[in-house]
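Coordinate analysis (summary)
What follows is the residue order along each chain.
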Amino acid sequence: MKQSRFWAWLVFLVGLAYFLVPLVATFEFSLKMRRGYYSFDSYASVFSDPNFQRTFSYSAVIGIFAIIVGILVVVPAVYFVRLRLPKLRPFVEFVTLLPLIIPAIILVYGYIRLYNSSSIVPFTGSAIGTDILLVCGYVTLALPYMYRAVDTGMRTIDVQTLTEAAQIAGANTAQIIARIILPNILVAVLSGAFLTFAIVIGEFTIASLLNRPAFGPYLQNIGANRAYEPAALAVISFIITWGAMGMINVLGRFAPRTSARTD
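Residues numbered from 1 in each chain as written. Predicted model: local features only at pLDDT ≥ 70, side-chain atom pairs only at ≥ 80, totals over all residues. Heavy atoms only, no water.

We count it as follows: UniProt positions are given in the numbering used here, feature names are shortened, and annotations may be inferred rather than shown by experiment.
Looking at an unreviewed UniProt entry, one finds the protein named ABC transporter permease and attributed to Devosia oryziradicis. According to its UniProt record, the protein has this under Sequence similarities (unreviewed entry): "Belongs to the binding-protein-dependent transport system permease family."

1. Details of the packing of aromatic side chains
The condition that has to hold: Stacked, edge-to-face and tilted labels apply to pairs of Phe, Tyr and Trp rings (six-membered ring for Trp) whose centres lie within 6.5 Å, assigned for plane angles under 30 degrees, over 60, and everything in between, in that order. A run of H or I in DSSP becomes a helix once it reaches four residues, and a run of E becomes a strand once it reaches two; helices and strands are each numbered from the N terminus.
Scanning all chains against the criterion turns up 14 aromatic pairs. Plain terms: the ring middles of tryptophan 9 and phenylalanine 12 are 5.7 Å apart, the flat faces sit at 90 degrees to each other, and that makes the pair edge-to-face. Of this pair, tryptophan 9 and phenylalanine 12 both sit in helix H1 (residues 2-30), three residues apart, which is roughly one turn of that helix. Through a chain of ring-to-ring contacts, the aromatic side chains of Phe47, Phe52, Phe56, Phe215 and Tyr218 assemble into a single cluster.

2. Description of empty space enclosed by the protein
The cut-off we apply is this: Both cavities and pockets are sets of points on a 1 Å grid over the protein atoms alone; in a cavity a 1.4 Å probe fits but cannot get out, in a pocket the set is open with protein on both sides within 12 Å along at least five of seven lines, and lining residues sit with an atom within 4 Å of a point. Grid points are joined across faces, edges and corners, and a volume is the space filled by probe spheres set on the points. Residues were grouped as follows: Ala, Val, Leu, Ile, Met, Phe, Trp, Tyr, Cys and Pro as nonpolar; Asp, Glu, Lys and Arg as charged; and all remaining residues, including Gly, as polar.
Under the defined criterion, the tally for this structure stands at one cavity of 30 Å³ or more. Roughly 50 Å³ of volume is contained in the largest cavity. Looking at the largest cavity, the residues that line it are Ala66, Ile67, Gly70, Val73, Val74, Val139, Ala142, Leu143, Met146 and Thr196. At the level of elements, helix H3 (50-83) and helix H6 (127-155) are the ones that each hand at least two residues to the lining of the largest cavity. In terms of residue count, the dominant contributor to the lining of the largest cavity is H3 (five residues). Broken down by class, the residue content of the lining of the largest cavity amounts to eight nonpolar, two polar and no charged.

3. Remarks on the UniProt feature "transmembrane region" (unreviewed entry) in the protein
Feature annotation in UniProt assigns "transmembrane region" (unreviewed entry) to the following positions: residues 7-27, 56-79, 91-112, 124-147, 185-210 and 230-251. Span residues 56-79 is 100% helix and 0% strand, its end C-alpha atoms 34 Å apart. Overall, residues 124-147 shows 88% helix and 0% strand. The separation of its end C-alpha atoms is 28 Å.

4. Some details on the environment of threonine 241
How we decide: For every residue, the accessible area (1.4 Å probe, protein chains only) is compared with the maximum for its type, and the residue is labelled buried under 20%, exposed over 50%, or partly exposed between those bounds.
Residue placement: threonine 241 occurs in helix H12 (residues 229-252). Under the relative-accessibility criterion, threonine 241 is labelled partly exposed at 29%. Taking the C-alpha atoms as reference points, threonine 241 and leucine 100, separated by 141 residues in sequence, lie 19 Å from one another.

5. Description of a nonpolar patch on the surface
Put simply, the test is: For patch building, the residue pool is restricted to those with more than 30% relative accessible area and no salt bridge; the joining distance is 9 Å between like charges and 5 Å between nonpolar side chains (Val, Leu, Ile, Met, Phe, Trp, Tyr). Methods summary: accessible areas were calculated by the Shrake-Rupley approach with a probe of 1.4 Å, and residue burial reflects only the protein chains presented. Only one rule defines a salt bridge in this text: a Lys or Arg side-chain nitrogen within 4 Å of an Asp or Glu carboxyl oxygen.
On the surface, Leu97, Leu100, Ile101, Ile102, Ile105, Ile106, Tyr109, Tyr145 and Leu209 cluster together into a nonpolar patch covering about 810 Å² of accessible area. Those elements that place two or more of their residues in the nonpolar patch are helix H4 (89-101) and helix H5 (104-114). Note that leucine 209 resides in helix H10 (residues 205-209). Residue leucine 209 is classed as partly exposed on the basis of its relative accessible area, which comes to 35%.

6. As for helix H2 (residues 41-48)
The following threshold applies: Note that the arc is defined by the directions from the helix axis to the C-beta atoms.
Among the residues of H2, those classed as buried are Ser42, Tyr43 and Val46. Buried residues of H2, seen end-on, are gathered within an arc of 100 degrees and therefore sit on one face of the element.

7. Digging into helix H7 (residues 159-168)
Using the following cut-off: Two residues qualify as a contact provided that any one of their heavy atoms is within 4.5 Å of a heavy atom in the partner residue.
Restricting attention to buried positions, one finds in H7 the residues Val159, Thr163 and Ala166. Relative to the axis of H7, the buried residues are bounded by an arc of 65 degrees and lie together on one face. On its buried face, H7 is in contact with H3, H6 and helix H8 (173-184). Taken from the residues just after H7, glycine 170 is the one with a positive phi, measuring 95 degrees.

Below is the structure:
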């Protein structure tokens, strides 16, 4: 018994070191911008950089729009699949997994070919149109995570009973989804939202090829031209990402514990 615990702790500590040692080394290196002293000069340089503020704000706004569009698409889709089209569920699950299989570069090249300035719908001919394409691309990239988060939340409630009760009270489909279904799966939706935001903040390929001033290309540009600032940005990105993951864990504790229906 003691021997098994020893090996379990050993594996745990080795795994912990595998993740923490590079992070600690990166953080320690980011403090060496001033020779011979530890300082937060690299972090001050990053936060005072107008490009950091501009690109991070841009990605945050794009991320918010991607979350809103993702919720408007995924929540009704999961609702109708579970309530009225359960036979389509395997097909829908397969489609939502495609962004994990198809590289983002193929997606963005498809956008450029279909919506360039010479096409019928020239989205890439304007900044707003390109931003719309970027939001759509991020919604697609986050689809596997948003769909499964919402689907898991939907399993914890009795969709059929709630829908029938709301219909008896005179509610239409939009009211049922907005006032009854969505509040009951809010924790799951927020989990998908945090995952979407984490993806948007660090994404490089789509934003770069669409030539948008996003945070991902900024990270790559700083990494190619600076020494200590990239280490500081890596630590900051890690904190943002794991902060989002931590919020998912915290929100998961408030998820409803009712029995799920799998039919």
